[in-house]
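# Fold and geometry: a report
Each chain, letter by letter, is given below.
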Amino acid sequence: MAEGPELRELDSDGSSEELVLTPAQLIRSLEQAWLNEKFAPELLESKSEIVECVMEQLDHMESNLKRAKHGDLKVSIHRMEIERIRYVLSSYLRCRLVKIEKFFPHILEKEKSHAEGEPSVLSPEEFAFAKEYMANTETYLKNVALKHMPPNLQKVDLLRLVPKPNLDSFVFLRVQERQENILVEPETDEQREYVIDLEEGSQHLIRYKTIAPLVASGAVQLI
């Protein structure tokens, strides 16, 4: 595999900083992003730089295989690893597209309101896809149903009609970094809010919106 790819991260002041990862760390980052996206009820921050670096790494691995001796057992092993990585990558991207199609009005509204310098939920390609999907949906509704209705009923509010992600759903997680004083909301009217500590390596079943910031920061991993 090639030398470590470079990822560009944003500091709190908006300046960029290059982070060099080994190939193994890069694939681990992709797998973590994949599991988080798979189990989170909402669309998470785009990891487009990880995706681009993994695609470059796959191209490099393919080139190395072409130069390897035919019949070498290592070729078969590396070929299996390439297919595994391709599966994780395609599953990650497919999962994001499913969420965009399901929650597109809310995702686009969130993109409009996010502050300058904050990480975007959508990659440029995903943003273009979401806008086109919304335009096609509105055109379809107009041609099939709305134009046949009275004028006062020919407008539709997709933000109101399309369900939001259920942030109250429960998720399993593994703690990557110890966290203190996590406020947990009560499950019933008889209960009160209470505070818990999350020990590194421990696993929990907890309401997603309680730990959503920890998922974004990498302090916990959804499983």
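For clarity, every value in this text was computed on a predicted model and none was experimentally measured. (Residues numbered from 1 in each chain as written. Predicted model: local features only at pLDDT ≥ 70, side-chain atom pairs only at ≥ 80, totals over all residues. Heavy atoms only, no water.)

### A few points about unusual backbone geometry
Phi is positive for Asn181, which is not a glycine, with a value near 55°. Here Asn181 lies in strand β4 (residues 179-184). Exposure remark for Asn181: the relative accessible area of 58% places this residue in the exposed category. (Helix = DSSP H or I, 4+ residues; strand = E, 2+ residues; numbered from the N terminus. Buried < 20%, exposed > 50% of the residue type's maximum accessible area, 1.4 Å probe, protein only.)

### Focus on the confidence of the model for the protein chain
Mean pLDDT for the protein chain: 88, with 90% of residues reaching 70 or above. Ignoring residues within four places in sequence, the model shows residues 9-16, a span with pLDDT below 50, making 9 contacts including any to other chains. (pLDDT = per-residue confidence, 0-100. Contact = heavy atoms within 4.5 Å.)

### Concerning the nonpolar core
Core analysis: the biggest nonpolar cluster contains 18 residues, and Leu26, Leu30, Val54, Leu58, Ile85 and Leu89 have the highest contact counts within it. Of all the secondary-structure elements, those providing two or more residues to this core are α1 (23-39), α2 (48-67) and α3 (73-113). Counting residues per element, this core draws most heavily on α2, at 7 residues. The contacts of Leu58, once residues within four sequence positions are left out, are Ile82, Ile85, Arg86 and Leu89. Ile206, Leu214, Val215 and Ala219 belong to the second largest nonpolar core, which has 17 residues in total. (Core = buried A, V, L, I, M, F, W, Y, C linked by side-chain atoms within 4.5 Å.)

### Focus: the packing of α3 against helix α4 (residues 124-144)
Packed helix pairs are characterised by how far apart their axes lie and by the angle those axes make with each other. The contact between α3 and α4 brings their axes to 9 Å, and the two run at 90°. When the axes of α3 and α4 are compared, the pair comes out roughly perpendicular. Contacts between α3 and α4 involve Arg96, Leu97, Ile100, Glu101, Phe104, Leu108 and Glu111 from the first element and Glu126, Phe127, Phe129, Ala130, Lys131, Tyr133, Met134 and Thr137 from the second. In terms of residue class, the contact of α3 with α4 is built from 9 nonpolar, 1 polar and 5 charged. (Axes fitted to C-alpha atoms, helices over the stretch in contact; angles between N-to-C directions. Parallel < 35°, antiparallel > 145°, perpendicular 65-115°, else oblique. Nonpolar A, V, L, I, M, F, W, Y, C, P; charged D, E, K, R; others polar.)

### Observations concerning the pattern of salt bridges
Inspection of every chain in the model, using the stated rule, returns 14 salt bridges. Note that Glu62 is salt-bridged to Arg79, the shortest N-O span being 3.0 Å. Separated by 17 residues along the polypeptide, Glu62 in helix α2 and Arg79 in helix α3 bring together distant segments of the chain. Where Glu126 meets Arg96, a salt bridge forms, and the shortest distance between an N and an O atom there is 2.7 Å. Taken as a pair, Glu126 in helix α4 and Arg96 in helix α3 lie far apart in primary sequence, 30 residues in all. Among the residues examined, Arg96 registers a relative accessible area of 0% and is labelled buried. One network of salt bridges, in which partners are shared, links Glu37, Arg96, Lys99 and Glu126. (Salt bridge = Lys/Arg side-chain N within 4 Å of Asp/Glu carboxyl O.)

### Focus: α1
If you check α1, its first and last C-alpha atoms are 25 Å apart, about what 17 residues at 1.5 Å a residue would give, namely 24 Å. When α1 is considered as a whole, its buried residues turn out to be Pro23, Leu26, Ile27, Ser29, Leu30, Ala33, Trp34, Asn36 and Glu37. Where α1 is buried, its residues touch α2, α3, α6 (208-217) and β7 (220-222). (Expected span 1.5 Å × (residues − 1).)

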